[in-house]
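Architecture and fold: a report
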Amino acid sequence: MIGLVLQALVGSLTFGLGAAVPVDHMLETRNFAAKAGVAITDNYHTLSRVHRPPGLSRTLDILRQNRKNHILMNDLEDDEPEGVDRLRAELHQVEYIMQVGIGPETYYMIPDTGSSDTWVISEGFKCLDPYYGQEVTQEDCGFGPLFKGDFPDGKINNQNLNISYLSGDYLNGPMGFANITVANVTVPKQQFALVDVAAFGGDGVSSGILGLGLRGLTASFTGNDPRNDSIDNLVNYSPLIETMGASKVADPVLSFAMSRNENRSFIAFGGVPPVETGEYTAVPIQKGTTTTGRTDYFYYDIEIDSMSWNSETVNQTATNLPDMLVDSGTTINLFPREVAAAINNAYSPAGQQEDSMVWSVPCDAVPPTLDIVIGGKAIRTHPSSMILPETAVEGSNICLSGIGAGQPGSYILGDTFMQEIVAVFDVSEKMELKFAQRLD
């Protein structure tokens, strides 16, 4: 009994001492960031969330187009992923947008690590029906405010942007330069496109895409007629993050601290935003090789050590997993089919497969815990990211699962993974991604 009393007193004393000396979590966070080779920066911006038309991912569309053009990695299959363009109309996705300064004007744009070309829609653009090629009203393309005028820092003669999506959407336009400002960082004379022909389904708010990917994925072509574009006249150029580092306005590092709560959802340039985290894990970005033998960095592709998912009745682990690309422009995770099916089966109640890529679950289902081991450290997916309440039809209790199935070459860690962590894209000589669990 004396021992128990003494133990209780010691416990009380320890608690009291701990309460008198509060822990400085931001000091710990700064130390973790410094150990990972990044700094906390004031150059961050809030991210807003908007609904977009049905479809899983613009990145997935780009992957499919690159497969068609034979400029992606050799291990991609030629068969089209089924179901991508046949999602039910109610399965609207949510995408993140941010304010971007182009010259003196500011626009909402989609920050996308899965593409490298920055483009904005131009005043007077021609909106086309993607299926019939007929001109329709500009409103049918669903863009936000239009860019007025010409390139602030000059047009590039005899060069055009040409992005086509196998879903039928496509974008064309001339290329030029402007000072582009992101989160208080002005990147001088950045190459971008003013889109003047678009067959596109926008979100009604954003005016373009801020390409945050790597040089190997840029898609400029010599000439002014997109009908003549091919791999033979493809010209890669310095995308925004590379230019940012080369011009020394900030370190070539960007980071996301995504959240469903817009008050705590940020993107930062040159470092990481001031949010509390645990320790970071780091993993190299993987190069890819094209069918023509060219080796380069294309996507933010990384190796995955393993995945584990657990519920009251299920305790499973997957190893020997393929590389996956980390993409801010994809709403859900896209895993190998067997893994996706097993994880969705671990929801309570179990998920229902809707087509070859997506599952639905009751909006109040209990998801399994999901740990993804990267660089030897487990990163836990937040339970709130495992179910997408925004996708429920009014009056329905059926939501989209945050876990879907991809195809070889298109396995993606999307917003389901990136929410409630800090994800760092370091394109300095280190060429690595870093991840830390959020603690705020």
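Residues numbered from 1 in each chain as written. Predicted model: local features only at pLDDT ≥ 70, side-chain atom pairs only at ≥ 80, totals over all residues. Heavy atoms only, no water.

1. Re the environment of Pro349
Quick reminder of the rule: Under the DSSP-based scheme used, a helix requires at least four consecutive residues in state H or I and a strand at least two consecutive residues in state E, with every element numbered from the N terminus. By definition, residues are in contact when any of their heavy atoms lie within 4.5 Å.
Within the secondary structure, Pro349 is located in the loop between α5 (337–345) and β23 (352–353). For Pro349 and Ala365, which are 16 residues apart along the polypeptide, the C-alpha to C-alpha distance reads 6.0 Å. For Pro349, the contacting residues outside a window of four places in its chain are Pro362 and Ala365.

2. Remarks on the confidence of the model for the chain
Rule in force here: Residue-level confidence of the predictor is summarised by pLDDT, bounded by 0 at the bottom and 100 at the top.
When the pLDDT values of the chain are averaged, the result is 85; 84% of them are 70 or greater. For residues 1–22, every residue scores under 50 in pLDDT, and the model assigns this stretch zero contacts once sequence neighbours within four places are set aside. Confidence over residues 54–92 falls short of pLDDT 50; this stretch has 114 contacts with residues more than four positions distant or in other chains.

3. Concerning the environment of Glu139
Along the chain, the position of Glu139 falls in the loop between β6 (135–136) and β7 (155–164). Taking C-alpha positions, Glu139 is 9.5 Å from Gly202, a pair spaced 63 residues apart along the chain.

4. Some words on the packing of aromatic side chains
Applicable threshold: Two aromatic rings, drawn from Phe, Tyr or Trp (for Trp, its six-membered ring), form a pair once their centres lie within 6.5 Å of each other, and the interplanar angle then sorts them: stacked below 30 degrees, edge-to-face above 60, tilted otherwise. The rule is simple: take the accessible area with a 1.4 Å probe, protein chains only, and divide by the maximum for that residue type; under 20% is buried, over 50% is exposed, in between is partly exposed.
Considering all chains together, one arrives at eleven aromatic pairs under this definition. Measuring from ring centre to ring centre gives 5.3 Å for Phe151 and Phe192, while their planes differ by 70°; the resulting arrangement is edge-to-face. You can see Phe151 sitting in the loop between β6 and β7 and its partner Phe192 sitting in strand β9 (residues 185–199), a full 41 residues away along the chain. Side by side, Phe151 and Phe192 carry an identical accessibility label, which is buried.

5. Notes on the side chain of Arg49
Defined as follows: Distance and chemistry together define a polar contact, namely a pair of N or O atoms within 3.5 Å, with one atom able to donate a hydrogen and the other to accept it when in protein, and with adjacent residues in sequence counting only for side-chain atoms on both sides.
Looking at where Arg49 falls in the secondary structure, it is placed in strand β2 (residues 48–52). Judged by its relative accessible area of 18%, Arg49 is buried. Engagement of the side chain of Arg49 in a polar contact is seen with the side chain of Tyr96, the distance being 3.4 Å. Here the side chain of Arg49 touches Glu390 through a polar contact of 2.9 Å, side chain to side chain. Not counting the four nearest positions on each side in its chain, Arg49 is found in contact with Val94, Glu95, Tyr96, Ser259, Arg260, Glu262, Glu390 and Gln419.

6. What about the sheet that holds strand β25 (residues 369–374)?
The strands making up a sheet associate through backbone hydrogen bonding, with each pair oriented either parallel or antiparallel. Just so we agree on the cut-off: Whether two strands pair comes down to DSSP finding at least two bridges between them. Where helices are involved, their axes are fitted lines through C-alpha atoms of the stretch in contact, as for all axes, and angles between N-to-C directions lie from 0 to 180°.
Strand order in the open sheet formed by four strands is β20-β19-β25-β26, with antiparallel pairing between adjacent strands. The sheet is open, and its two borders are formed by β20 (315–319) and β26 (377–381), each paired with just one other strand. For this sheet, the mean angle separating the axes of adjacent strands, direction not counted, is 20°. Across five bridges, strand β19 (residues 306–310) lies against β20 in antiparallel orientation. Each residue of the ladder has a partner; that of Trp309, found in β20, is Gln316. Where α5 meets the sheet, its contacts fall on β19, β20 and β25, and the angle it forms with β19 comes to roughly 20°.

7. Observations concerning the sheet that holds strand β14 (residues 266–269)
Taken in spatial order, the six strands line up as β1-β14-β13-β31-β32-β15 in an open sheet, and their pairing is antiparallel. In the strand order of this sheet, the two ends are held by β1 (44–46) and β15 (281–284), each with one partner. Neighbour to neighbour, the strand axes of the sheet diverge by 15° on average, direction disregarded. The sheet contact formed by strand β13 (residues 253–257) and strand β31 (residues 421–426) spans four bridges and is antiparallel. Bridge assignment links Leu254 to a residue of β31, and that residue is Phe425.

8. As for the state of the cysteines
Filter applied, for reference: Throughout, disulfides are identified as pairs of cysteine sulfur atoms within 2.5 Å of each other.
Enumeration over the complete set of coordinates arrives at two disulfides. Two residues, Cys363 and Cys399, share a disulfide whose sulfurs are 1.9 Å apart. Judged by the sign of its S-S torsion, about 95°, the bond between Cys363 and Cys399 is right-handed. In this pair, Cys363 sits in the loop between β24 (359–362) and β25 while Cys399 sits in strand β28 (residues 398–401), placing the two residues 36 residues apart along the sequence. Given a relative accessible area of 24%, Cys363 falls into the partly exposed group. Overall, Cys399 belongs to the buried group, its relative accessible area being 1%. Disulfide partners in the chain, listed by the sequence order of the bonded cysteines, are 1-2, 3-4.

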